[in-house]
Amino acid sequence: MDIRKEFLEFFQSKGHEIYDSMSLVPDDATLLFTNAGMVQFKDIFTGAIPRPKNPKATSCQLCVRAGGKHNDLENVGYTARHHTLFEMLGNFSFGDYFKEDAIAHAWEFITKNLALPEERLWVTIHETDDEAFNLWIKHIAPERIKRFGDKDNFWSMGDTGACGPCSEIFYDQGADHFSSSEDYLGGEGDRFLEIWNLVFMQYERDSAGKLNPLPKPSIDTGMGLERVIAIKEGKFNNFDSSMFTPLINEVKKLSQKEPTAETIGSFRVIADHLRAVSFMISHGILFDKEGRGYVLRRILRRAVRHGYLLGFRKPFMAKLVDTLVSMMGDHYTELAEKSKYIKEQITLEEDRFFKTIDSGMALFNEELEHTKDIFSGEVAFKLYDTFGFPLDLTEDMLRTVNLNVDSEKFDALMLEQKTKAKAAWKGSGDVSNSGDFKSLLEKYGKNEFVGYTNNAYRTKIVALLDNEFNEVSTLQQGQSGWVMLEQTPFYAQSGGQAGDVGIIEDNKHIAEVLDTKKFFDLNLSKIKVVQSNLNAGEVIDTVVVNRYEVAKHHSATHLLQSALKMVLGDNVSQAGSLNDSSRLRFDFTYPKAMTEAQINEVEDLVNSMITRGIAGNVEELPIEEAKQKGAIAMFGEKYGDMVRVVTFSDFSVEFCGGIHVRNTADIGSFFITKESGVSAGVRRIEAVCGLAATTFAKDNIAKLAQIQAEVKNIDPLAGIAKLKEQIKELKKELQEAQNAVSTPIKEEKIGDVTVVVEILENGDLKKIVDDLKNAHEKVVVLLIQPKDDKVLIVAGSKNTALKAGDWIKNIAPIVGGGGGGRPDFAQAGGKDITKVEEAKTAALLYAKENI
């Protein structure tokens, strides 16, 4: 039985609309990953947007719990149920049916469709929920219903907001298999397995903690697909089910080892983590030093470490991807579409870690031998900073020997490193979207974008909002805020294209349009009123400014991606972009820096496409037809049944909702201004075209003229070469002058040892020390040189009992410095030039006492 398909079709037959699994990267600043089925419906549940026409929904949602508040990573491989990535089956009611139907649907599906024996089923409810009890006894014996308190059977979205009691359905796996002290309903054992949670959202909790009944209560349910499959297959461990055994069998084949009681955890970790890593990459997440990309790195490196325990010494994870695609690729088509790219990214990251894992493991084992109670935080930090071992990987290794790490020291060192690092990020500048957009949508509906065919449009002001998105009737002269137009020619920022700017005006009003963004399908423009007050309901003229320059950069980005694929290979994929009126930025997957020849070839290819004058074509197509045409989709994007496709002959075919030129010839010149690295496996190209390219060329021509004037040569390279030769000669003359010490160096004898202690204003001290050592059989030398506000000290010893390193350690503190070195040579620095005479006297005394 295909349980995923069975579930979705069951609820479809009950009038529910099937929703695809949303991206693992949620449009929610409070979440690192999509971690539950209700995430894609959160704005409906919270009232941020109106409920859909069909108020009943069902989905099978990919979820990741490996970071932030919801983190199961440390348990994966050690328990029967925890996974980093899992599928959550769910059905939802947005103010439509409530407890009666939710309970009836769940019971029908479990007992009829899944055919689970009723004598194995138990139900829990909230201790106060008599309504749920009375509904459940229609289906199950009262003695099989247990009541629990808030901790187990009450759900809330946060400290305030929607909340309510919940009811959980449990499956009894049998006392003959589970008999620990925790194997009771509500215990921590695995005998009674929770398979389905029905949340009854019937209250709104206010800031005082009071529960106020909702006028239209809702339903949110979740059932773990992996658990249900294991139950249906008679397995007591999810990893023994068909969801994981093909991957585990492949690991056996690659490692040429059979699992033992000691190693089975490693096989399970690799199978689990391969699933998570593959889906995260397919949804556009890239390996990085922070955020989601760092969680991805932690998961992969944890799997690699377990592979290391099984004997792997080179990348192996990518060899499992084809097995995963055969298991899940039919339903999640992004896996099959991106499999080649997924394998490439996994291999690159594995290769990076395998280069340091041996050294890291050696350091870990060395420290482990000297650890009695707590593993050193300094060593854990060195493992992280030098060898790429995430802290939780070190903790995972220590878990096998029942030790903890000194996390306080680790955190202190991490904080110190972050404090020292230069903070390059100054904030995203993103606008808060905390306005009451639901009321706007309910009152006015969506506004219409007419900018594909119009750069100017006469339209009506539907609504005005202040900077905090509160609706106002008027924005006064000098005020800024947001405007919602009935029809708008202004393109809202998306797909890498900057939001449009422009002017709103009529006979008396003038307002600047500073930006345009989309909030829950509302196209709103940020404005500043320049002349007269602006009122809701007025009809005004709108003009988009500089649109075609943005279009040039956007179209050039499409051509650039095609050129990169031609030069670097088809594995190049877009990882991000930005297009505005003055530049473009394109991030793409590639493992190393481009050569100058490759950069020039890409630039030439784009300019060739421009000069050919290729006509652009935009059309709406069914998604499957667009894919058959070879249209390139953006990583992590979800598309509807119909998609907008932008084509420039056979050179470029892409899914895109942006604004483009009518013909590539309109783009003008194209120059790549910079190629750089963004993160591991991701490169960035910055470029200009159109008017920005003209400005770029003129600026460079002007700079060239300046250089010609400065070097006094029509051929700048020849002029620079001549200057470099002159500098070389001057450096040589300066060195000779510095080496020629004008002050005679005083030597004295102590026994048969020549002693030199001097203050020299110039000269190469190291060379002078070497010369004196070459000139004498037995000699000690200490030279002091004040330079500006610093002091340099160099010491040497040859064939004597005096050690230069000890000598300099005693003298350097006098001038406020420190240093050291070998017995025959040492050097130090100081910062108190007023003490050089005192240092000289002390150095001579030290020499006399220690020769």
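The model shown is predicted, which means the values in this text are computed figures rather than measured ones. (Residues numbered from 1 in each chain as written. Predicted model: local features only at pLDDT ≥ 70, side-chain atom pairs only at ≥ 80, totals over all residues. Heavy atoms only, no water.)

Focus on the side chain of Asp 587
Okay, so step 1: By the secondary structure assignment, Asp 587 is in strand β26 (residues 584–589).
Okay, so step 2: Using a relative accessible area of 9% as the deciding quantity, one classes Asp 587 as buried.
Okay, so step 3: Of note is the side chain of Asp 587, whose polar atom sits 2.6 Å from the side chain of Arg 684.
Okay, so step 4: Each residue touching Asp 587, except ones within four places of it in the same chain, is listed here: Ser 573, Gln 574, Ala 575, Gly 576, Val 678, Val 682, Arg 683 and Arg 684. (Helix = DSSP H or I, 4+ residues; strand = E, 2+ residues; numbered from the N terminus. Buried < 20%, exposed > 50% of the residue type's maximum accessible area, 1.4 Å probe, protein only. Polar contact = N/O pair within 3.5 Å; in protein donor to acceptor, adjacent residues only side chain to side chain. Contact = heavy atoms within 4.5 Å.)

Some remarks on the packing of aromatic side chains
Okay, so step 1: Following the criterion strictly, the structure yields 35 aromatic pairs and no others.
Okay, so step 2: Summarising the aromatic geometry, the rings of Phe 98 and Phe 200 are spaced 6.0 Å apart at their centres and angled 70 degrees between planes, so their arrangement reads as edge-to-face. Separated by 102 residues along the polypeptide, Phe 98 in the loop between β5 (85–93) and α3 (99–113) and Phe 200 in strand β10 (residues 192–205) bring together distant segments of the chain. Neither residue differs from the other here; Phe 98 and Phe 200 are each classed as buried.
Okay, so step 3: Measuring from centroid to centroid gives 5.2 Å for Phe 353 and Phe 389, while their planes differ by 65 degrees, and the two rings are edge-to-face. Pair noted here: Phe 353 is in helix α12 (residues 339–369) and Phe 389 is in the loop between α13 (377–387) and α14 (391–399), with a separation of 36 residues, a long-range link.
Okay, so step 4: By relative accessible area, which is 0% here, Phe 353 ends up buried.
Okay, so step 5: Of the residues examined, Phe 389 reaches a relative accessible area of 0% and is grouped as buried.
Okay, so step 6: Feature note: the residues Phe 7, Phe 10, Phe 11, Phe 109 and Trp 196 constitute an aromatic cluster, connected by ring pairs. (Phe/Tyr/Trp six-rings, centres within 6.5 Å; stacked < 30°, edge-to-face > 60°.)

Quick notes on the packing of helix α23 (residues 804–811) against helix α24 (residues 836–850)
Packed helices, taken two at a time, are described by the angle between their axes plus the distance between the axes.
Okay, so step 1: Between α23 and α24, the least distance of the axes is 10 Å, while the angle of their chain directions is 145 degrees. Handedness of the α23/α24 crossing: right-handed. Between α23, through Asp 806, Trp 807, Asn 810 and Ile 811, and α24, the contact on the second element is made entirely by Ala 839, Ala 842, Ala 843, Tyr 846 and Ala 847. (Axes fitted to C-alpha atoms, helices over the stretch in contact; angles between N-to-C directions. Left-handed = near helix turned anticlockwise from the far one by under 90°.)

Some words on the pairing of strand β25 (residues 574–579)
Okay, so step 1: Sheet analysis places β25 next to β26, joined by five bridges and oriented antiparallel. Directly across from Leu 578, in β26, lies its bridge partner Arg 585. (Pairing = 2+ DSSP bridges.)

Considerations on α3
Because an α-helix packs 3.6 residues into every turn, residues spaced three or four apart end up facing the same way.
Okay, so step 1: Its 15 residues place the ends of α3 20 Å apart at the C-alpha level, agreeing with the 21 Å of an ideal helix rising 1.5 Å per residue.
Okay, so step 2: For α3, every residue scored as buried is listed here: Lys 99, Ala 102, Ile 103, His 105, Ala 106, Trp 107, Phe 109, Ile 110, Thr 111 and Asn 113.
Okay, so step 3: Considering only its buried residues, α3 is in contact with α1 (3–13), β6 (121–126), α4 (130–136), β9 (161–172), β10 and β11 (211–224).
Okay, so step 4: Phi turns positive one or two residues past the end of α3, at Ala 115, with a value near 55 degrees. (Expected span 1.5 Å × (residues − 1).)

Looking at the side chain of Gln 785
Okay, so step 1: Tracing the backbone shows Gln 785 in strand β34 (residues 779–787).
Okay, so step 2: For Gln 785, a relative accessible area of 4% gives the class buried.
Okay, so step 3: A distance of 3.0 Å separates a polar atom in the side chain of Gln 785 from the backbone oxygen of Gly 763.
Okay, so step 4: Every residue in contact with Gln 785, bar those within four places of it in the chain, is listed here: Leu 760, Glu 761, Asn 762, Gly 763, Leu 765, Lys 790, Val 791 and Leu 792.

As for the sheet that holds strand β32 (residues 748–750)
Okay, so step 1: What the six strands build is an open sheet, ordered β32-β33-β34-β35-β37-β36; its pairing is mixed. In this open sheet, the two strands that pair with only one neighbour each are β32 and β36 (818–821). Adjacent strand axes in the sheet meet at a mean angle of 15 degrees when their direction is disregarded.
Okay, so step 2: Sheet analysis places strand β35 (residues 790–798) next to strand β37 (residues 825–830), joined by six bridges and oriented antiparallel. Residue pairing for β37: Ala 795 is matched across the bridge by Ala 826.
Okay, so step 3: Relative to the sheet, helix α22 (residues 765–775) contacts β33 (753–759), β34, β35 and β37, its axis offset from that of β35 by approximately 20 degrees.
Okay, so step 4: Here α23 sits on the sheet in contact with β33, β34, β35, β36 and β37, set at roughly 150 degrees to β35.

Regarding the packing of helix α17 (residues 547–568) against helix α18 (residues 596–611)
Okay, so step 1: Running from amino to carboxyl end, α17 crosses α18 at an angle of 135 degrees, the nearest separation of the two axes being 9 Å. Compared by their axis directions, α17 and α18 come out oblique. Crossing hand, α17 versus α18: right-handed. Where α17 approaches α18, its residues Leu 559, Leu 560, Ser 562, Ala 563, Leu 564, Met 566, Val 567 and Leu 568 are matched on the opposing element by Gln 598, Glu 601, Val 602, Leu 605, Val 606, Met 609 and Ile 610.
Okay, so step 2: Here the residues of the contact of α17 with α18 are counted per class, giving 12 nonpolar, two polar and one charged. (Parallel < 35°, antiparallel > 145°, perpendicular 65-115°, else oblique. Nonpolar A, V, L, I, M, F, W, Y, C, P; charged D, E, K, R; others polar.)

Regarding the pairing of β34
Okay, so step 1: Most of β34 is tucked away, with eight of its nine residues classed as buried.
Okay, so step 2: Where β33 meets β34, six bridges bridge the pair, whose relative direction is parallel. Looking at β34, one finds that Val 757 is bridged to Leu 782.
Okay, so step 3: Note on the crossover from β33 through α22 to β34: the handedness is right-handed.
Okay, so step 4: In this sheet, β35 lies alongside β34 in antiparallel orientation, the contact comprising nine bridges. In the sheet register, Val 779 faces β35, and the bridge partner there is Lys 798. (Right-handed = clockwise from strand over helix to strand, strands pointing away.)

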